[in-house]
Amino acid sequence: MTVTTDPVDAHVAALERALHGPDTVKRSMIAEVRDGLADAIADHRRRGLDPQRAAAAAVRDFGPVREVAPLMQEELTARQGRRTAALVVVAFPTLLFVWDALWMSGLGWTAPPSPEAPVLARAVDVLTVVVTAAAFVLLVATFRQRPLPRWVTGLAGLVAAAGVAGCGGMSLIMNLKGPAPEPATAVVLGITAVVAGLITRSAIRSLRIAREVCPPDEPAIG
């Protein structure tokens, strides 16, 4: 017995394999493609085609994966960069405010901080401002009509990773060299670690997508 392959399922599966990006956005795009193909099939059926030929015609009208996927990938790439940049823009200033409030309150440590602490704290403040400003520029760039999303997303990943490494490293040194932390400091440290993990994961995804969608004649990012 001959098994007939559904042209729509095969086409959508190939398209799904070709796309890289945020899972929720990708699923939404694939669902829209399926809905569009279903409407096209219904239209061809009304014109008298049998189900198999109607499905094949709908797929043919939609266009080959090699032509459609790059257009959809551009939006997916921009969305990933937007997520990473937005996370940095929100998280970095918030964490800076929380740590500064804890520092000024005097509730976070049982003894005066180490001599290096004020210098490192100032460096963290400056780096946070620089990273946030860079991420904001990249965030705005993702909303442009054609924002070169591969480069914007790659840069968003690099900025996020550099921010986590720089601010996280200096903050770790301050806490290791300082006095034993109070419960309030331990709580803020835990929150910071979780947020840093989320930013790092988003940064890695941005860098990976920027590399995966790199055309063969262009250099990869990162």
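A brief report on the enclosed structure follows.

Conventions we followed
Note on numbering: residues in each chain are counted from 1, in written sequence order. Only residues with pLDDT of at least 70 get local features here, since the model is predicted, and only at 80 or more are side-chain atom pairs given and counted; chain-wide, interface and lining totals rely on the full set of residues. Calculated side-chain values reflect all of the structure's heavy atoms, with hydrogen atoms and water omitted. Classification of ring pairs uses Phe, Tyr and Trp, with its six-membered ring standing for Trp, and accepts pairs whose centres are within 6.5 Å; under 30 degrees between planes counts as stacked, over 60 as edge-to-face, and the remaining range as tilted. Look at NZ for Lys and CZ for Arg. If either is within 6 Å of the ring centre and within 35 degrees of the ring normal, a charge sits over the ring. To qualify as a helix, a DSSP run of H or I must reach at least 4 residues; to qualify as a strand, a run of E must reach at least 2; elements of each kind are numbered from the N terminus. An expected span of 1.5 Å times one less than the residue number is assigned to each helix. Residues count as neighbours in contact if any of their non-hydrogen atoms are within 4.5 Å of one another. Distance and chemistry together define a polar contact, namely a pair of N or O atoms within 3.5 Å, with one atom able to donate a hydrogen and the other to accept it when in protein, and with adjacent residues in sequence counting only for side-chain atoms on both sides. Side-chain atoms within 4.5 Å are what join buried Ala, Val, Leu, Ile, Met, Phe, Trp, Tyr and Cys residues into a set we call a nonpolar core. Buried, partly exposed and exposed residues are distinguished by accessible area as a fraction of the type maximum, computed with a 1.4 Å probe on protein chains only: under 20%, between the cut-offs, and over 50%, respectively. For this quantity, the arc is that covered by the directions from the helix axis to the C-beta atoms. For helices, the fitted line uses only the C-alpha atoms of the stretch in contact; every axis is such a line through C-alpha atoms, and the angle between N-to-C directions lies from 0 to 180 degrees. Put simply, angles under 35 degrees are roughly parallel, angles over 145 are roughly antiparallel, angles from 65 to 115 are roughly perpendicular, and the rest are oblique. Note: crossing handedness is left-handed where the near helix turns anticlockwise from the far helix by less than a right angle, and right-handed where it turns clockwise. Three categories are distinguished: nonpolar for Ala, Val, Leu, Ile, Met, Phe, Trp, Tyr, Cys and Pro, charged for Asp, Glu, Lys and Arg, and polar for the others, with Gly belonging to the last.

## Points about the packing of aromatic side chains
Argument step 1. Taken as a whole and judged by the stated rule, the model has zero aromatic pairs.
Argument step 2. The ring of Phe-143 is capped by Arg-82, whose NZ or CZ atom sits 4.0 Å from the centre of that ring.

## Some thoughts on helix α3 (residues 51-62)
Argument step 1. Counted at 1.5 Å a residue, the expected span for α3 with its twelve residues is 16 Å, and the 16 Å between its end C-alpha atoms agrees.
Argument step 2. Of the surrounding secondary structure, the elements contacted by the buried residues of α3 are α1 (7-18) and α2 (23-46).
Argument step 3. Structurally, the start of α3 carries an N-cap: the backbone nitrogen of Gln-52 is 3.1 Å from a side-chain oxygen of Asp-50.
Argument step 4. Gly-63 lies just past α3 and shows a positive phi near 115°.

## Comments concerning the nonpolar core
Argument step 1. One finds Val-88, Phe-92, Met-174 and Ile-199 to be the most contacted residues of the largest nonpolar core, which totals 25 residues.
Argument step 2. Listed by contribution, the elements that provide at least two residues to this core are α4 (65-105), α5 (117-141), α6 (149-177) and α7 (183-212).
Argument step 3. Broken down by element, the residue count for this core peaks at nine residues, all from α5.
Argument step 4. Residues in contact with Val-88, not counting those within four places in the same chain, are Pro-93, Val-131, Thr-132, Ala-135, Ala-160 and Ile-199.
Argument step 5. Counting residues in each nonpolar core, the second largest holds 17 residues, with Val-8, Val-33, Ala-55 and Val-59 among its members.

## As for α1
Argument step 1. Over its twelve residues, α1 extends 17 Å from the first C-alpha to the last, a length consistent with the 16 Å expected when each residue adds 1.5 Å.
Argument step 2. All of the buried residues in α1 are Pro-7, Val-8, His-11, Val-12 and Leu-15. Projected down its long axis, α1 carries its buried residues within an arc of 120°, all on one side.
Argument step 3. In this structure, the buried residues of α1 make contact with α2, α3 and α4.
Argument step 4. For α1, the capping residue at the N-terminal end is Asp-6, with a side-chain oxygen 2.9 Å from the backbone nitrogen of Val-8.

## Regarding the packing of α1 against α4
Argument step 1. Following both chains from N to C, one finds α1 and α4 inclined at 45°, their axes separated by 10 Å at the closest point. Between α1 and α4, the angle is such that the two are oblique. The two elements α1 and α4 cross, and the hand of that crossing is right-handed. Side by side, α1 and α4 meet where His-11, Ala-14, Leu-15 and Ala-18 of the first sit next to Val-65, Ala-69, Met-72 and Gln-73 of the second.
Argument step 2. When its residues are assigned to classes, the contact of α1 with α4 shows six nonpolar, two polar and no charged.

## Remarks on the packing of α6 against α7
Argument step 1. α7 packs onto α6 with a crossing angle of 155° between their chain directions and a minimal axis gap of 8 Å. Put simply, α6 runs roughly antiparallel to α7. You can see that α6 and α7 cross each other, and the crossing is left-handed. Contacts between α6 and α7 involve Arg-150, Thr-153, Gly-154, Gly-157, Leu-158, Ala-160, Ala-161, Val-164 and Asn-175 from the first element and Thr-185, Leu-189, Ala-196, Ile-199, Thr-200, Ala-203, Ser-206, Leu-207 and Ala-210 from the second.

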